[in-house]
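Each chain is listed here by its residues.
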Amino acid sequence: MSQNNRFEIETGTSSRRRFIQIAGATGLAGMAGCGGGGGGEGESTDTDSGGDSGGDSGGDSGGDAESIETRFWEEWPVETKGSDVNDEAIQFEYTAVEGETVPEVDTHFAQAETPWMREFALLVQQSLNDLGVPVNLVNVQPSTRYGEFWRADIGHPMPVTMNLHGPDPQRGLDPNPFLMRAHPETGGNYYNYKNDEVTELLDEQAQTIGDQEARAEVCAEVAQLLNEDAYLIAANFPEVITVANTADWEGYIPTPGNGTTRDSFIWTQVNLQPQGDSTTWVKGVTSGIQGTNLPFSSGGQEEKRLLNVYDGLFDASPQLEIVPALATNADVVDDTTVEMDLREGVEWHDGEPFTPQDVKFSVEYYQENDAPQQAAFVRPIDSVEIVSESGGGRVRFNLTEPDASFLTQRVVRSAIIPEHRWSDIDSPAQYNPDNPVGTGPFSFVSWDQGSQIRMEKHENNWMWDDDIRRELVGEEYFVPGDGIDEIVWANVGNVSTLIGAMQSGDIDAIGTTVSNAQADRAANTSGVEKQTARNYVPTDVHLSHLVPLFRDKTFRVALSHAFDKEGFVENTLGGRGEAIEGQNLLTPILTPYHAETEPYEYDPEMAQEMLQQAGYTYDGEDNLVWPEGDAWDAFAERVENGHASREDLDQPDFS
Amino acid sequence: MSFRRFLLKRTLIAALLTLIAVSVIFATLRLLPADPFSGLVASGSLTPDEVDQMRALYGLDEPIYVQYYKYIQNLFSFQFGISLTQQRPVGDIIIPALVNTMVLLLPALVATAIVSSLAGMYAGWNRGSWFEQSSIVVTTVFRATPIFVTGIFLLIIFSYGLGWLPAFGMRSSLANPDGYLETYLSVDFLKHYLLPFTATVLFYSGDFLMLARNSVVERMGSEFLMLHRAKGLSEMEQLGRAGRNSLLPLVTYFALRTGMLFQGVITLEVVFAWPGIGRALVQAILNQDYPTVQAAVFIMALAVIIMNLTADVAYAKLDPTVEAGDV
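Owing to the predicted nature of the structure, the values given are computational and were not obtained by experimental measurement.

The subject of this paragraph is the overall build of chain B. Helix and strand counts for chain B stand at 16 helices and 0 strands. Counting only C-alpha atoms and orienting by the principal axes, one finds that chain B spans roughly 85 × 60 × 35 Å.

Further remarks concern the overall build of chain A. Looking only at helices and strands, chain A has 24 helices and 25 strands in total. When contacts within chain A are restricted to residue pairs at least 6 apart in sequence, those whose partners lie at least 24 apart make up 69%.

Residues and elements named next belong to chain A. With their axes 9 Å apart at the nearest point, helix H9 (residues 196–206) and helix H10 (residues 212–228) run at an angle of 160° to one another. In terms of axis orientation, H9 runs roughly antiparallel to H10. Where H9 crosses over H10, the handedness of that crossing is left-handed. Contacts between H9 and H10 involve Glu 197, Val 198, Leu 201, Leu 202, Glu 204 and Gln 205 on the former and, on the latter, Arg 215, Val 218, Cys 219, Glu 221, Val 222, Leu 225 and Leu 226. Grouping the constituent residues of the contact of H9 with H10 by class yields 8 nonpolar, 1 polar and 4 charged.

So, on to unusual backbone geometry. Residue and element names in this part refer to chain A. Put simply, Thr 591 and Pro 592 share a cis peptide bond, and its omega is 0°. Despite not being glycine, Asp 650 has its phi angle at roughly 55°, a positive value. Structurally, Asp 650 can be placed in the segment after helix H24 (630–641).

Take the sheet that holds strand E14 (residues 337–342) of chain A next. Residues and elements named next belong to chain A. The 4 strands are arranged E13-E14-E16-E15 in an open sheet whose pairing can be described as antiparallel. Each end of this open sheet is capped by a strand with a single partner; those strands are strand E13 (327–334) and strand E15 (381–388). With strand direction ignored, the average angle separating the axes of adjacent strands in the sheet is 20°. Where E15 and strand E16 (residues 394–399) come together, 6 bridges link them in antiparallel fashion. Of the residues in E16, the one forming a bridge with Ile 386 is Val 395.

Residue and element names in this part refer to chain A. By the secondary structure assignment, Val 97 is in strand E2 (residues 96–97). Using a count of 25 C-beta atoms within 10 Å as the deciding quantity, one classes Val 97 as buried. Separated by 218 residues in sequence, Val 97 and Asp 315 have C-alpha atoms that sit 53 Å apart.

Further remarks concern the environment of B:Pro36. Examined against the element boundaries, B:Pro36 turns out to sit in the loop between helix H1 (2–31) and helix H2 (38–42). Sequence-wise, B:Pro36 and B:Leu84 are 48 residues apart; in three dimensions their C-alpha atoms are separated by 7.3 Å. For B:Pro36, the residues in contact, after removing those within four places along its chain, are A:Ser298, B:Leu84, B:Thr85, B:Asn287, B:Gln288 and B:Asp289.

Below, the discussion takes up the interface of chain B and chain A. Taken together, the contact pairs 45 residues of chain B with 49 residues of chain A. Of all elements in the fold, only H2, helix H3 (48–57), helix H5 (90–125), helix H7 (147–161) and helix H14 (277–286) of chain B reach the threshold of two or more residues within the side of chain B that touches chain A. Residues of the side of chain B that touches chain A, tallied by class, amount to 25 nonpolar, 16 polar and 4 charged.

Residue and element names in this part refer to chain A. One can read the domain layout of chain A as domain 1 (51–236 + 538–605), domain 2 (241–288 + 450–533) and domain 3 (314–422). Listed per partner, the contact involves 12 residues of domain 2 and 9 residues of domain 3. Among the residues making up the side of domain 2 that touches domain 3, the classes are represented as 8 nonpolar, 4 polar and no charged.

The next thing to look at is the sheet that holds strand E22 (residues 539–543) of chain A. Residues and elements named next belong to chain A. An order of E4-E3-E5-E22-E6-E23 is seen for the 6 strands of this open sheet, with the pairing classed as mixed. Of all strands in the sheet, those bounded by a partner on one side alone are strand E4 (135–139) and strand E23 (577–579). Here the average twist between neighbouring strands, direction ignored, is 20°.

Residue and element names in this part refer to chain B. Packing of H5 against helix H9 (residues 187–219) leaves a shortest axis separation of 6 Å and a crossing angle of 35°. With respect to the hand of their crossing, H5 and H9 are arranged in right-handed fashion. When the residues that make up the contact of H5 with H9 are grouped by side-chain class, the tally is 21 nonpolar, 8 polar and 1 charged.

Moving on, we get to the domain arrangement of chain B. All names here are of chain B. Taken domain by domain, chain B comprises domain 1 (2–76) and domain 2 (91–316). On a C-alpha basis, the centroid separation for the pair domain 1 and domain 2 is 32 Å. Counting residues at the interface gives 19 residues for domain 1, matched by 16 residues for domain 2. Taken together, the elements giving at least two residues each to the side of domain 1 that touches domain 2 come down to H1 and helix H4 (64–76). Broken down by element, the residue count for the side of domain 1 that touches domain 2 peaks at 13 residues, all from H1. Within the side of domain 1 that touches domain 2, the residues separate by chemical class into 15 nonpolar, 2 polar and 2 charged.

Residues and elements named next belong to chain A. Extensive coverage of strand E6 (residues 233–238) is indicated by the burial of 6 of its 6 residues. Strand direction decides the pairing type here: E6 and E22, joined by 3 bridges, are antiparallel. Bridge pairing links Ala 234 to Asp 540 in E22. In this sheet, E23 lies alongside E6 in antiparallel orientation, the contact comprising 3 bridges. Paired with Phe 237 across the two strands is Glu 578, which belongs to E23.

So, about the confidence of the model for chain B. Averaged over all residues, the pLDDT of chain B is 83; the fraction at 70 or higher stands at 94%. The lowest-confidence element of chain B is helix H16 (residues 320–323) of chain B, averaging 60 in pLDDT; the highest-confidence one is helix H6 (residues 130–144) of chain B, averaging 90.

Residues and elements named next belong to chain A. Counting buried positions over the 6 residues of strand E19 (residues 486–491) gives 5, a clear majority of the element. Here 5 bridges tie strand E18 (residues 452–457) to E19, and the two strands are oriented antiparallel to one another. Within the sheet, the bridge partner assigned to Ile 453 lies in E19 and is Trp 489.

Right, let's get into the nonpolar core. Counting residues in each nonpolar core, the largest one holds 243 residues, and the members touching the most others are B:Ile94 and B:Ala296. Per-element accounting of this core gives the leading share, 15 residues, to H5(B).

Calculation notes
- Residues numbered from 1 in each chain as written.
- Chains lettered and ligands numbered in written order.
- Predicted model: local features only at pLDDT ≥ 70, side-chain atom pairs only at ≥ 80, totals over all residues.
- Helix = DSSP H or I, 4+ residues; strand = E, 2+ residues; numbered from the N terminus.
- Contact = placed C-beta atoms within 7 Å.
- Axes fitted to C-alpha atoms, helices over the stretch in contact; angles between N-to-C directions.
- Parallel < 35°, antiparallel > 145°, perpendicular 65-115°, else oblique.
- Left-handed = near helix turned anticlockwise from the far one by under 90°.
- Nonpolar A, V, L, I, M, F, W, Y, C, P; charged D, E, K, R; others polar.
- Pairing = 2+ DSSP bridges.
- Buried ≥ 20, exposed ≤ 12 C-beta atoms within 10 Å, placed from the backbone.
- Domains from an automatic or database assignment.
- pLDDT = per-residue confidence, 0-100.
- Core = buried A, V, L, I, M, F, W, Y, C linked by C-beta atoms within 7 Å.

Take a look at the structure:
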C-alpha cells in the first residue's frame, strides 16, 4: 500500500497516474497482498474520476483507510486554477492516508542563488524533520527554475520551495509586490493561497489611492491575518554584503536591498568622487548583458545596467522614497487620472530635446508591442494626453482603474525612450540598438559581448547638479564634486577571480553580493572595504496550500514554531541579517505599510505536542503518522477549511 | 577514380552525420519543460496572452514538425534566425565569440603541434635519453591535469603572486580599442593572452609529443632508414626522413583537434574570463535560447565533421598507396 503510494508520487501526469492505477487494479493489487491495499486503490480512483470533494466522504466501507489527495479545494477567479481543473493543474501527488506514515516532502531550492542557500535548505529540512516529516531536497538551476517551477498559471508544481527574492526596486516601495501574492487572481500567487477575508482586504488596499495612512491600516490588517494563518515561512532579511575600493573613490551609497555596488539602483555611480588618478570606475561582475534593448529584454542584467542610460518618470531614493526624475511632480486629479509636470531642459544623449511627446510615444509603443520590461509600468494606463508643451510640458495619464501602486512602483519602473530613434523600428522585440540613446546620467559608449560595457558621464543630466543630487540621495550620503567620467562593467566570470582582481587592483568594486567570509578575504587588501546594506527582500519558504499537510493550519503553525530563524541569522549569516518577526514579507523599512506581527516562538517540542493534540501520532522511529479514526475526521475538517486551527473548530485534544 | 569514390562516400557520411547531430540537438532542446518566455509570466512582466504572442513572433506556436522543417532548411542555408533572449541575430552573438575562441586556441594548437611534435620526434630518436624520459613525464602531467587547474596555478603564480600579468579578460578594463586590429594587436592584449595561451599549449603538448615519439620509435630499425644510413646521411637527416614518415597520425590528430576547437574550452574560458564560444553556449543553454544553441551546436558539429573529412582526405593524399587506388 505505502509502496504503491510512493510509486504514484514519483509519476508525473494524471494520465500516467491512471495507467498505473489500472495496472495496480489488475496486477499490483495482488502483490500488495492485503484488503486494505486494494481498498485504497479503489478509493483514489474513485476520487480521481468523480472529482468530488475531499477524501473524508469517500470511504465507503468502515474498515478501509481514508485518504486525501493534493488538489484545489475551491473554485478560483482564474481559468487555470480551481477544483474543476484539478486534472490539468495538479502536477504532483502528495496524499494523506489515514494511519499511514507521512510521506517525504519534495523541497526545492537553488543553491547557486546565494552563498548560503544550501545551509538554508538544510535548516528547512531540519525543521520538517524535527516534526517527523521526511524531506527530499532538490537543487535546481536558478535560470530555469522560474519557467519550470514558478508557474503563474498553476502555481508551484511541488510542495515546498524556498527563495531569496531579488532587489527589484518596486519591492521596497510598495506593499503590493509581496502582499498581492496572497490574492487568488494574481500570477504571483505561487502557493495557491486563497482566503476570502484576506482577498477582500487586499482589493480594498489596492484601490486606496491618495490616502497612505488608510491604505497602511488595511495592509496592517492583511499582514496580521496572514501571519496568524502562518501562510508561509518568512525567514530573514539578509544584509547585502559588497566589496569596494574606498581609497580611490568616495561616495558609495548603501541603498537597501541593492548594497553599494549592485545594479538595481544608480545612486553610487552618480555620487562617486574619484580620489586617486583614475576617473574611470571599473566594476567587476559575473555576468554580462545580452543586448542593448532595455524595454524588450527578457529580464536579466540588461534592464538593470541600461538604467544608467535611460531615465524613468520617478526614481526610488536610497531611503526608498519616491523622488522626481523626468517628472518633477504628480497630481492626482481623481482616482483614475494623474497629471505630471516634466523636467525642463532635458536632452537626449544625441542632443535632441526631450518632450512630452516622447512620454506619450513610449507608453503607446510599449503597449502596442508588449514590451516585457515595461509591462508593469504601462499595464494600468488607458491613455496618455499632452496637457501642455510649455516649460518641460505636462502629461495626463488616464488609468483603467484606481491603482495605488501606479505612483509608487509602476512609475519608478518606467523607462522613457526617444520617439525619433524608435518610431521607425518595425519589430522592436528583435532589435538591438548599436547606440542606445536615453536621457540618463550616463551615455552609452561601447559594449563588447561577454567582456565589458562602457558608459560615460552625460553632463546634461540633473543628477550631476550638486544641489539636486543632495536632495535626491540625502545629506547623509551626499558627496559634492564633478563625479566620475566613465564607468566600466568588466565581466570577470566568477567570484574567486573577482576577489583576486579586487586584490590586484584590476577592478574598483565587486558588483555582486559575496559571503561574509569572501568579503573579509577581499578586504584584507589595503584600500578595499567590506560594505553592508539593509535588505527589503526576504528569504522565504513557500508552502503549497493544495497539499493536505500544509492545508492543515495546525501543521503550518507547528512548522512556524519548529523553524529557528534567529539561530540561522546568528550562526550561518554571522549576525548579518534580521530574523523576521512573524510570517511577514514586508520589511520594517517600508513605512508606513509595514506592521508589527506576532512572532512564533522557536520551540520544536511544543510544536510536536501541538501536532499530537491535533491527532497526529509518531511511530517507533519518530516519524509523523497521519491521524486515525475521529482524529482523522477532525484533520479532514481542518483541511477542508484551510484557515482554521483545532481551537477555531472546537476540536478536542487527541493526544 | 577510386579516390573520387572514396571522397564521395566520406562526404555523404559527413552530411548524414551533420543531419543527425542537428536533429538530436533540436529534439533535446524541445524536451526541456519550459521556454525562455515562461519566466516572463512568472515574474509578472507579461500576461499569458502576451507571452503567446511572443511565442508566435518566433514561430514557437507552430506544430513541432513545421518548426523542425524550417529549422533544417534555415540551418543548411546558414540562416540562424534571431535569438530568443537577446533581440539580435544569432550570428552577431556567435561569430564574435567564435573569433575570440579561435584567436586563443588556434595559435596555441599550431604552436604546440609544431614544437611538441619536433620534440617528440627528437625524443623518439634518442630513446632512453634523459630528454625523452623527462619530456614524457612533464607533458603527461600537464595532459592529465585538467586545464583549469593548470590555469589557476598560472594565475596564482604570475597574476596574484608576482603581479606580472592580468588575471582576467582579453584586455584591460581601461583600454578601449576600436576594431579587430586594435583589439588583437596590442601589448595589452598580449599580456592578457599569455597565460591562457600557455595553459592551452601545455595541455595539448602531451598528445603531440607522445604521438610523434611513438611514430618515430616504430620507424627506427626499419629498412628504409637503414638504407639512408648506408647512403651516409647524418643523424639529423635520418631523423628528418623518419619524421616525414611519422606524419600520418600527427596530421590526423591535428585535424581532429582543430575541429574540436570550435567548441571552445569552457573551463579555460571561465578561469580566465575569456569571452569565447564555450561561455556563450553555456549562457544560451541556461537561457533556453534555442536558436543560439542550435546554431552554435550546428557550427561545432559541422567543424568536427568537416575536419574529420579533411583528415580522411589528407590521410589518403599523404599515403601513396591511396593514389595507387588501393583504399
